[in-house]
Structure formats: C-alpha cells, structure tokens
Amino acid sequence: MLKHVIGIIILTLVVLAMGGIGLYLAGSPMENRSVRYDEIRIRDLGTIKNAVDSYYQDNYQLPSNVGVLLGNRAKTQMPYLKKQPQDPRTKSNYDYRSLGLTQYELCATFDTSSENIAQRKTGLVEDISSYSSIYGTDNSHPKGRFCFKHVISPY
C-alpha cells in the first residue's frame with residue numbers, strides 16, 4: 001500500500017513539474033495575448049501603408065489623414081481601406097503623419113518588443129533588427145509607442 005502512495009506522490013510531482021515547465025515555455029495567457037495584439041498592430045500598419053502607397057500612386061500626393069483612404073478610388077470606385085484599422089486593445093485609431101512630399105510615419109503603442117515576439121515564437125533570443133515580416137520589411141520595434149517611417153518609392 002505504501003508503494004502505491006509513494007508512486008502516486010511521485011507521479012503527481014512529475015505532472016506538476018511538467019505543467020510548470022510547459023507554462024514557462026509557452027508563456028502565460030496574458031503574455032500570449034500581448035504578442036497576438038502586437039502581431040495585429042503590425043498587420044494593421046502594413047494595411048494602412050499599402051493604402052497610403054496606393055493613394056500616392058493615384059493622386060501623386062500623400063493623404064492628409066487616414067480617413068481620406070476610406071473614400072473611393074476614381075478608377076475602381078473601391079475604397080483604399082474598407083474600414084479604418086484600430087488598435088485591438090484600446091480600440092483607438094493608429095497615428096499617421098505626413099513628413100513631407102513622399103515621407104510619412106505610422107505609429108502604434110506595442111505591448112511587447114519585437115525581440116520578445118521572436119523569442120516567444122522560436123525560443124531563441126534574436127537581434128531586434130532581424131525581426132521582419134513576410135514582405136521583408138523591418139518591423140522591429142521596442143515595447144511602448146513607436147513610429148515606423150516610410151518613404152514612397154519612385155515609380
């Protein structure tokens with residue numbers, strides 16, 4: 001009987017230890033939610049960037065604000081943006097600012113740094129500059145408010 005009790009205790013300790021290790025490696029639900037929100041922010045900023053670039057191709061100027069991108073294109077009668085992307089946590093609009101004739105910036109407040117996102121996905125600590133999206137643009141960012149500067153490429 002004592003052997004069974006000792007076996008159950010050992011098995012319980014092993015299961016608890018494995019659960020703790022799994023939670024450490026996978027991260028808490030709050031950490032994972034923050035990473036997911038930051039991934040959504042990066043995607044939304046990419047959507048706005050594409051809309052701004054398309055607007056510039058059509059009008060040879062940057063839009064005065066993101067709301068202009070909700071209007072229809074002259075050729076296709078389709079909007080540049082179907083709706084204005086908003087921060088997934090705060091539900092506020094992202095910041096857009098024109099910096100000149102062909103330069104602008106898009107800003108968001110991030111819950112984690114891109115280095116933490118890369119580490120969470122791969123388990124490796126990577127240089128912050130190596131984090132990039134599938135399109136090859138550098139989306140590395142620190143935790144907190146950060147602005148990406150963009151320049152319209154000449155066509």
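This section reports on the structure supplied with the text. All values reported here derive from a predicted model rather than from experimental measurement. (Residues numbered from 1 in each chain as written. Predicted model: local features only at pLDDT ≥ 70, side-chain atom pairs only at ≥ 80, totals over all residues. Heavy atoms only, no water.)

Relative to the helices and strands, Val68 is located in the loop between helix 2 (29–59) and strand 1 (95–98). Given a relative accessible area of 30%, Val68 falls into the partly exposed group. Taking the C-alpha atoms as reference points, Val68 and Tyr80, separated by 12 residues in sequence, lie 8.7 Å from one another. (Helix = DSSP H or I, 4+ residues; strand = E, 2+ residues; numbered from the N terminus. Buried < 20%, exposed > 50% of the residue type's maximum accessible area, 1.4 Å probe, protein only.)

The tally for this structure, following the rule as stated, stands at 1 disulfide. The disulfide partner of Cys107 is Cys147, and the gap between their sulfur atoms is 1.9 Å. Because the sign of the S-S torsion sets the handedness, a value of about 105° for the bond joining Cys107 and Cys147 places this disulfide among the right-handed ones. In this pair, Cys107 sits in strand 2 (residues 103–110) while Cys147 sits in strand 3 (residues 144–151), placing the two residues 40 residues apart along the sequence. The class of Cys107 is buried, set by a relative accessible area of 3%. (Disulfide = S-S within 2.5 Å.)

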